[in-house]
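# Structural description and commentary
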Amino acid sequence: MEEKHYNANDITILEGLDAVRLRPGMYIGSTGQKGLHHILWEIVDNAVDEAANGYADKIDVRIYKDGSASVEDNGRGIPTDIHPKTKVSGVQVVFTQLHAGGKFNENNYSFSGGLHGVGASVTNALSEWLKVRVYKEGKTFSMEFRSYYDEKKKKFESGVPVAPLADLHKKTKQHGTFVHFKPDANVFASTDFQLSTISHRLNELAFLNRGLTITLTDERITMNEFKGEDTEGEDVQLDLLGATQPYSVTYCYEGGISDFAAYLNEGKSKLYPKPLYIKGEKDGILVEFAIQHTGEYTENLFSFVNNIPTPEGGFHEVGFRSGLTRVLNDYARENKLLKDKEANLLGDDFREGLTAVLSIKMKNVQFEGQTKTKLGNPEARSPVESVTIEGLRELAADKKNKKAFEEIVKKAQGAARVRIAARQAKDTARAKNSIDSLMLVGKLAACTGRKPEENELFIVEGDSAGGTAKQARVRQFQSILPLRGKPLNVEKKRLDQVLANEEIRTIISALGAGIGNDFNLEKLNYHKVIILSDADQDGFHIRCILLTFFFRYMRDLVNAGHVYIGMPPLYKVYKQNGSAEEYAYDDSELQEKIEKVGRGYLIQRYKGLGEMSAEQLWNTTMDPMRRNLTQVTIEDAVAAENMITTLMGDRVEGRKEFLNRNANFNKTDSFMDKVKIKKENGDE
Ligand code: 0RA
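Just so we're clear, the structure is a prediction, and the values are computed from it rather than from any experiment.

Calculation rules
- Residues numbered from 1 in each chain as written.
- Predicted model: local features only at pLDDT ≥ 70, side-chain atom pairs only at ≥ 80, totals over all residues.
- Heavy atoms only, no water.
- Helix = DSSP H or I, 4+ residues; strand = E, 2+ residues; numbered from the N terminus.
- Buried < 20%, exposed > 50% of the residue type's maximum accessible area, 1.4 Å probe, protein only.
- Contact = heavy atoms within 4.5 Å.
- Areas by Shrake-Rupley, 256 points an atom, 1.4 Å probe, with all protein chains shown as cover.
- Salt bridge = Lys/Arg side-chain N within 4 Å of Asp/Glu carboxyl O.
- Pairing = 2+ DSSP bridges.
- Axes fitted to C-alpha atoms, helices over the stretch in contact; angles between N-to-C directions.
- Core = buried A, V, L, I, M, F, W, Y, C linked by side-chain atoms within 4.5 Å.
- Polar contact = N/O pair within 3.5 Å; in protein donor to acceptor, adjacent residues only side chain to side chain.
- pLDDT = per-residue confidence, 0-100.
- Parallel < 35°, antiparallel > 145°, perpendicular 65-115°, else oblique.
- Nonpolar A, V, L, I, M, F, W, Y, C, P; charged D, E, K, R; others polar.
- Left-handed = near helix turned anticlockwise from the far one by under 90°.
- Phe/Tyr/Trp six-rings, centres within 6.5 Å; stacked < 30°, edge-to-face > 60°.
- Lys NZ or Arg CZ within 6 Å of the ring centre and 35° of its normal.
- Arc of directions from axis to C-beta.
- Right-handed = clockwise from strand over helix to strand, strands pointing away.

### Examining the overall build of the protein
- Secondary structure assignment for the protein yields 25 helices and 25 strands.
- In the protein, buried positions account for 52% of the 684 residues.
- Expressed as a percentage of contacts within the protein between residues at least 6 apart in sequence, the contacts between residues at least 24 apart total 71%.
- Entry remark: accessible area of the protein is about 32,600 Å², with carbon and sulfur atoms responsible for 49%.

Shown next, in the form of structure tokens:
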């Protein structure tokens, strides 16, 4: 950036500091933890601003044992010359006049009202003391401010200069500003700076300002204390140092927000290896974003305006989203990934699994919303949209991004299929959603009790097992829904077609809580949804399909722990005369039960639920006191979905191999044994 000359004349003056002491909340929001950190951010923001304008590339933040904190930058240094109107130094103006900023405020850090950017003087007003050092033009300057109760004036004096700015007559090659302050314990409920809060924000600032090196040092703890003093097996030299060395961490990202997106996606499966990055400017608004899609289903958009997070969104997000949707739909059409007669994909489709960091810089920012973290400037929408469209078009035209764009479209098409199928299912469910009407159809044998927290829905494979379960159940709290094996034999069907299945739609109606975005746990009719399927290939299929269905359309049901797998036994070990009877749920248990029954034992092997009598089914699988339920975790559901993709997709090879590995339920390494199993009563 081009060097301009500023002096104290450029600094505007608005009001004094007494008002800040009187009503701190008006300026920093609160006098709690948030307010305490706010006065640190005021100082950090000034330093970051100096860096953002190209004058500094290093910021050191330090927390001290006495509760004070300091921020040092290697920028131009606060102006030291005398301000003509006030006849005091620029340093004094910056720390004693509210809203005093000068030109640096107009660059990209001008705020109108709100809680941000009230200026360094607020930090001074709410500190017991504040000390400044300015290194500028080879000289070292120093100044100190104090807050105290004046006995004579019978009033509190805030941020008063101890003496005018002094030239220490110490030559230096250094340039920059060092600000050290101690938050006043009379103002703040607690003056304990939070290391985690500060490191999180400084890390974020380092991502947002490519190449800026930010170091954080906390003198209150040593390196070893931070590491939990577990230094076994580590370098001895380091350990000795770590015992006395204060905790320190340095953040610097040459990749800026691209590194940010990659960091957010760490450990996730990615559709393309590197985030796509765009930077541009339109109508005085600087726009930067990085995107990377993962195999997950949620959208993660982190937006910032002038380095301030905007979790409530706003017009910049609106522009970004619409630009993204436009370019990706155009790409899909131009490359014949969308047929002429097919409708456009929706923004939601393109944002499934999207991780994005959007950072814009603009003047006269207006923050709105519940927490004042929503961008309220409508004029931001169109420039952000333009930059997004132009930038993404350029990336899409680049051959090396072909794979990434194709993967994005493919993923969006999957999302669209699910969306369309969910709507159809919703319509059907709405058409006949009373339990009574289901009973009339004769599918659901509903329980009589009306307490969802006590009620159980058994989804049973096969009409014959369903009939047995209906006989066995306690009708007060157990409902039975038989699934016919054949229609659910969806081997070659896609997930969306599963929703066309009559019984699946019956499940939706029976649960009564809706589907997709409308799913509402509070309306749930059953707090235990128990899948009862045979221990064979078909049963395994059905189980995977149901889990995938719940995962895709009723994720909260799984998350809240309402889904269970019923485990019927594989063997009965008994004596002919009826003097002993034991059930084994897997091969390893079989040996144990044989020994228990003793000489003269007989073994019956159950091939399916249908072979059991009502009494046996009750004793082994349905009686809450004796049965063996497995609670399904979200990981199980994800695993099931991956299986469905393998089983039903075009990858026939993978499918065969998969079935060979997993469909043998007599072996203990079958799928359900491998996934984390939590028993009904809570123990592992
Ligand atoms: C106004 C003008 C100039 C620098 C600054 C403010 C400035 C303020 C802070 C606060 C913390 N670090 C800072 N660094 C710079 C330009 C001064 C000049 O060019 O003479």
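That covers the picture; the talk isn't over yet.
### A look at the pattern of salt bridges
- Summed over all chains, the structure comprises 31 salt bridges.
- Of the charged contacts, one joins Glu 589 and Lys 593 as a salt bridge, the two residues approaching to 3.6 Å between their closest N and O atoms. Of this pair, Glu 589 and Lys 593 both sit in helix H21 (residues 587-597), 4 residues apart, which is roughly one turn of that helix.
- A network of salt bridges, in which partner residues are shared, links Glu 299, Glu 317, Arg 321, Asp 348 and Arg 351.

### Observations concerning the sheet that holds strand E13 (residues 308-309)
- Spatial strand order, E10-E11-E14-E12-E13: 5 strands in an open sheet with mixed pairing. One side of each edge strand has no neighbouring strand; the edge strands of this open sheet are strand E10 (276-282) and E13.
- With respect to the sheet, helix H11 (residues 315-334) is in contact with strand E11 (285-293), strand E12 (300-305) and strand E14 (354-361), its orientation differing from that of E12 by roughly 130°.

### A short note on the nonpolar core
- In terms of nonpolar packing, the biggest core is built from 61 residues, with Leu 40, Val 44, Phe 95 and Leu 202 touching the most fellow members.
- Element by element, the count of residues in this core is highest for helix H3 (residues 33-52), at 9 residues.

### Here's the deal with the sheet that holds strand E23 (residues 601-605)
- Taking strand neighbours across the sheet as the criterion, the 3 strands line up as E22-E21-E23 in an open arrangement whose pairing is antiparallel. The open sheet has two free edges, formed respectively by strand E22 (581-584) and E23, since each of these has just one partner strand. Each strand of the sheet is rotated relative to its neighbour by a mean of 20°, with strand direction disregarded.
- Relative to E22, strand E21 (residues 571-575) is paired through 4 bridges, and the arrangement is antiparallel. In the strand pairing of E22, Tyr 571 is matched with Ala 584.

### Regarding unusual backbone geometry
- Within the chain, Lys 154 stands out as a residue other than glycine whose phi angle is a positive 55°.
- Judged by relative accessible area, which is 60%, Lys 154 ranks as exposed.
- Despite not being glycine, Asn 364 shows a phi value in the positive range, around 50°.
- Tracing the backbone shows Asn 364 in the loop between E14 and strand E15 (367-368).

### Regarding the side chain of Thr 355
- By the secondary structure assignment, Thr 355 is in strand E14.
- For Thr 355, a relative accessible area of 2% gives the class buried.
- A polar contact of 2.6 Å, which involves the side chain of Thr 355, links it to the side chain of Asn 265.
- When residues no more than four places from it in sequence are discounted, the contact partners of Thr 355 are Ala 261, Leu 264, Asn 265, Ala 290, Ile 291, Gln 292, Thr 294 and Asn 300.

### Let's talk about the pairing of E12
- Note that E12 and E14 share 6 bridges and pair parallel. Counterpart to Ser 303 in the pairing with E14 is Leu 358.
- With 2 bridges joining them, E12 and E13 adopt antiparallel strand pairing. Bridged to Phe 304 within E13 is Pro 309.
- The hairpin turn running from E12 into E13, its antiparallel successor, is 2 residues long, and Asn 306 in that turn takes a positive phi close to 50°.

### Here we look at the confidence of the model for the protein
- Of all residues in the protein, 82% attain a pLDDT of 70 or more, and the chain-wide mean is 85.
- Contacts of residues 10-15 to residues separated by more than four positions or lying in other chains number 25 contacts, the stretch itself having pLDDT below 50.

### A word on the packing of helix H16 (residues 463-472) against helix H22 (residues 614-622)
- At their nearest, the axes of H16 and H22 sit 8 Å apart, and the two run at 80° to each other. Between H16 and H22, the angle falls in the class roughly perpendicular. Facing H16, whose interface residues are Ala 465, Thr 468, Ala 469, Gln 471 and Ala 472, H22 presents Ala 614, Leu 617, Trp 618 and Met 622.
- When the residues that make up the contact of H16 with H22 are grouped by side-chain class, the tally is 7 nonpolar, 2 polar and no charged.

### A short note on the packing of H3 against helix H7 (residues 195-208)
- At a minimum axis separation of 12 Å, H3 and H7 run at an interaxial angle of 20°. By the angle between their axes, H3 is roughly parallel relative to H7. When the axes of H3 and H7 are compared, the crossing they make is right-handed. Where H3 approaches H7, its residues His 37, Leu 40, Trp 41, Val 44, Asp 45 and Val 48 are matched on the opposing element by Thr 197, Ile 198, Arg 201, Leu 202 and Leu 205.
- Broken down by class, the residue content of the contact of H3 with H7 amounts to 7 nonpolar, 2 polar and 2 charged.

### A look at the packing of aromatic side chains
- Scanning the model with the defined rule gives 12 aromatic pairs in all.
- Between Phe 260 and Phe 304 the ring centres are 6.0 Å apart and the planes differ by 40°, which places this aromatic pair in the tilted class. On the criterion of sequence distance, the pair formed by Phe 260 in helix H10 (residues 256-264) and Phe 304 in strand E12 is long-range, its members being 44 residues apart.
- Given the relative accessible area of 1%, Phe 304 is considered buried.
- Chaining the aromatic ring pairs together yields one cluster made of Phe 207, Tyr 253, Phe 260, Tyr 263 and Phe 304.
- Over the face of the ring belonging to Tyr 277 we find Arg 210, whose NZ or CZ atom lies 5.2 Å from the ring centre.

### A few points about the environment of Glu 42
- Along the chain, Glu 42 turns up in helix H3.
- Taking the C-alpha atoms as reference points, Glu 42 and Thr 123, 81 residues apart in sequence, are found 7.0 Å from one another.

### Quick word on H16
- Among all positions of H16, only Ala 465, Gly 466, Thr 468, Ala 469 and Ala 472 are buried. Summarising the axial view, the buried residues of H16 lie within an arc of 160°, below the 170-degree limit, and thus occupy one face.
- Each element contacted by the buried residues of H16 is listed here: strand E17 (456-461), strand E18 (478-483) and H22.

### Here's the deal with the environment of Ile 308
- By the secondary structure assignment, Ile 308 is in strand E13.
- On the basis of relative accessible area, Ile 308 is assigned to the buried category, the value being 4%.

### Structural notes on the pairing of E17
- With respect to burial, E17 is a largely interior element, 6 of its 6 residues being buried.
- Neither face of E17 is left uncovered, since the one carrying Glu 456, Phe 458 and Val 460 and the one carrying Leu 457, Ile 459 and Glu 461 both have all their residues buried.
- As paired elements, E17 and E18 share 6 bridges and run parallel to each other. The residue bridging Phe 458 from the neighbouring strand is Ile 480, located in E18.
- Taken together, E17, H16 and E18 form a β-α-β motif whose crossover is right-handed.
- Bridge analysis of E17 against strand E19 (residues 528-532) gives 5 bridges, and the strand direction is parallel. Among the inter-strand pairings, Ile 459 is bridged to a residue of E19, identified as Ile 531.

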